[in-house]
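Coordinates in review
Single-letter residue listing:
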Number of protein chains: 4
Amino acid sequence: MPREFRMTRRVEFHETDLAGIAHFSNFFKWMEAVEHAYFRSLGLSIASTEPTDGQKIGWPRVHASCDYRAPVRFEQEMEIRLQVAALKSRSIVYDIEFAAISDPTRIIASGQLIAACVTTDPTTHQMKATAIPPSIVALIES
Amino acid sequence: MPREFRMTRRVEFHETDLAGIAHFSNFFKWMEAVEHAYFRSLGLSIASTEPTDGQKIGWPRVHASCDYRAPVRFEQEMEIRLQVAALKSRSIVYDIEFAAISDPTRIIASGQLIAACVTTDPTTHQMKATAIPPSIVALIES
Amino acid sequence: MPREFRMTRRVEFHETDLAGIAHFSNFFKWMEAVEHAYFRSLGLSIASTEPTDGQKIGWPRVHASCDYRAPVRFEQEMEIRLQVAALKSRSIVYDIEFAAISDPTRIIASGQLIAACVTTDPTTHQMKATAIPPSIVALIES
Amino acid sequence: MPREFRMTRRVEFHETDLAGIAHFSNFFKWMEAVEHAYFRSLGLSIASTEPTDGQKIGWPRVHASCDYRAPVRFEQEMEIRLQVAALKSRSIVYDIEFAAISDPTRIIASGQLIAACVTTDPTTHQMKATAIPPSIVALIES
């Protein structure tokens, strides 16, 4: 079922802070990492091109949030679980859960990303919301 | 009124990504930077010590979220506006807004941080929620 | 004398690690930040355009190094001192020193950046070394 | 031969910058990541404890450098090759090379880390250079 994807990740030293735990901002990098790994699992890249007109597509975030339940420390491993919570015409809602590998029922954090599909004008660099290409929709729904 | 605080910040090169805009995860670092600058403006440090028993106090995040309205680019300056939205017995809710310096009515993003007040056991490193010290409450409310 | 530039910087929470000190990789971000502030002090931006032909210029690093003498901790302030050590036809060598604000003779670290001047092909994205534009050379030498 | 270690790594989106390439500061995070993976391959953790007296050992960097030969881009994979170049009484010198997975003879960058072995005073937080524990020396030399 391509609407779910899981990967594991180990906390790195530079991701910790003086409180001895992973800094909260890293969870947003990890959410994006699992989103991009999910796209690769579909044979896609987040940095792809619109098939019909060759325009470059981007996926800026319009929303990101995270609820933190338990700290995670250096060298601990997490399972990061992505779920496509909603596939809209111009955006995708991802629910993402972080669980401890040592105890998969122990939820470290749960978050949400909403990525909008945009094209970027090559001269003005303005981004414009656009419909998700049907080929991408088909891969997610397959 | 000490429940509000503003600072300016310029987007640095390493904060941009290949889309040519500031990476969304940086907004969480910036939210924390304004929180800490706010504490310094009260004569406090986020890495302080409980006055009554000398125990070390920490402020891990239990929630962080951000809504992105417009991209911000390299070397652009923002005004970051922090507001103490709620001062609870064991946590503080901050609402934080990012505005363009070039046009202060243009909101780039708005977010929320909820920081819990904890003490950390020096041997087990376990964090435990604790009441915000009265001296800190007094400074925020003054 | 435009070949020297100084700025101050305070260590942020997300820049610390579990050893309680600023992570060593941040010194490279700080070196770049002072380089860019130096360019702004000359009325330039690192993301500028070749005056003669409108081509975009970039300054990728060909070398970066740092020697660490003493740790720096959360909320400590540093003076970052940049010096143009060599201005070559296609590159600039910067020597950068980090001193404690609380004791300016206490050197925290000293490093070096070598930035090459390149143009980037807009279609292939290949970078090509190019002579530093005379207008930039003139500003640095003035 | 435990003095060599290799791992692969894929460039993540947040590691790129507006020039469309991985930001140079990430190479230092990657060098540390391979150092720590090497320690794990020996059954060690960089955040270990001196066997004889239970004191906590740390490995702050005294030197870090990198020479950049070619850019690396989003989603490209590298092989990171660590070599213990010198094992001294109180420090370890690592030479680290980054090669393209798509063409292992294409060197992206080569760098060096020198990590000192220290103990940290639990009250003053002062770091003090110390001899590398014999058990660690034995594992590296075996």
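In what follows, the structure referred to is the one given above.
These lines cover the structure that appears in this document, whether it is placed above or below. Since this is a predicted model, take the numbers as computed values, not measurements. (Residues numbered from 1 in each chain as written. Chains lettered and ligands numbered in written order. Predicted model: local features only at pLDDT ≥ 70, side-chain atom pairs only at ≥ 80, totals over all residues. Heavy atoms only, no water.)

**Some thoughts on the overall build of chain A**
From N to C terminus, chain A includes two helices and eight strands. Starting at the N terminus, the α and β elements of chain A follow one another as β-α-β-β-β-β-β-β-β-α. Considered along the principal axes of its C-alpha atoms, chain A spans approximately 50 × 35 × 20 Å. Buried residues in chain A amount to 56% of all 142 residues. (Helix = DSSP H or I, 4+ residues; strand = E, 2+ residues; numbered from the N terminus. Buried < 20%, exposed > 50% of the residue type's maximum accessible area, 1.4 Å probe, protein only.)

**Comments concerning the packing of aromatic side chains**
The full count for this structure, using the stated rule, is 46 aromatic pairs over all chains. Ring centres of Phe39(C) and Trp59(C) lie 5.5 Å apart, and the angle between their planes is 75 degrees; this geometry places the pair in the edge-to-face category. Pair noted here: Phe39(C) is in helix α1 (residues 26–41) and Trp59(C) is in the loop between β2 (57–58) and β3 (61–68), with a separation of 20 residues, a long-range link. As far as the burial class goes, Phe39(C) and Trp59(C) line up, both buried. Linked through ring pairs, Phe24(A), Phe27(A), Phe28(A), Trp30(A), Tyr68(A), Phe98(A), Phe24(B), Phe27(B), Phe28(B), Trp30(B), Tyr68(B) and Phe98(B) together constitute an aromatic cluster. A cation sits over an aromatic face here: Arg61(B) above Phe24(A), 5.2 Å from the ring centre. (Phe/Tyr/Trp six-rings, centres within 6.5 Å; stacked < 30°, edge-to-face > 60°. Lys NZ or Arg CZ within 6 Å of the ring centre and 35° of its normal.)

**With respect to helix α1 (residues 26–41) of chain A**
Over its 16 residues, α1(A) extends 22 Å from the first C-alpha to the last, a length consistent with the 22 Å expected when each residue adds 1.5 Å. Taking burial as the measure, the 16 residues of α1(A) include 14 buried ones, the bulk of the element. (Expected span 1.5 Å × (residues − 1).)

**As for the relation of the copies chain C and chain D**
Rotating chain C by 180 degrees about the axis while translating it 0.0 Å along that axis superimposes it on chain D, leaving an RMSD of 0.0 Å. What we have between these two chains is a two-fold relation. Among all residues of chain C, the minimum C-alpha distance to the rotation axis is found for Ser65(C), at 1.9 Å. Comparing interface residues between copies, 100% of those in chain C also sit at the interface in chain D, which points to an isologous, same-surface contact. (Least-squares fit on C-alpha atoms with pLDDT ≥ 70 in both. Contact = heavy atoms within 4.5 Å.)

**Some remarks on the sheet that holds β3(C)**
In spatial order, the strands read β1(C)-β4(C)-β5(C)-β6(C)-β3(C)-β3(D)-β6(D)-β5(D)-β4(D)-β1(D); together these 10 strands make up an open sheet with antiparallel pairing. One side of each edge strand has no neighbouring strand; the edge strands of this open sheet are β1 (4–10) of chain C together with β1 (4–10) of chain D. Here the strands of the sheet are splayed against their neighbours by 15 degrees on average, with no regard to which way each runs. Against the sheet, helix α1 (residues 26–41) of chain D makes contact with β3 of chain C together with β1, β3 (61–68), β4 (77–87), β5 (91–100) and β6 (107–116) of chain D, and its axis sits at roughly 120 degrees relative to β3(D), the strand it touches most. (Pairing = 2+ DSSP bridges. Axes fitted to C-alpha atoms, helices over the stretch in contact; angles between N-to-C directions.)

**Observations regarding the interface of chain C and chain D**
Between chain C and chain D, the contact holds 19 residues from the first and 19 residues from the second. Contact between chain C and chain D buries roughly 1,900 Å² in total, counting both sides, with carbon and sulfur atoms accounting for 62%. The set of elements that each furnish at least two residues to the side of chain C that touches chain D consists of α1 and β3 of chain C. No other element matches the eight residues that β3(C) contributes to the side of chain C that touches chain D. (Buried area = accessible area lost by both parts, 1.4 Å probe.)

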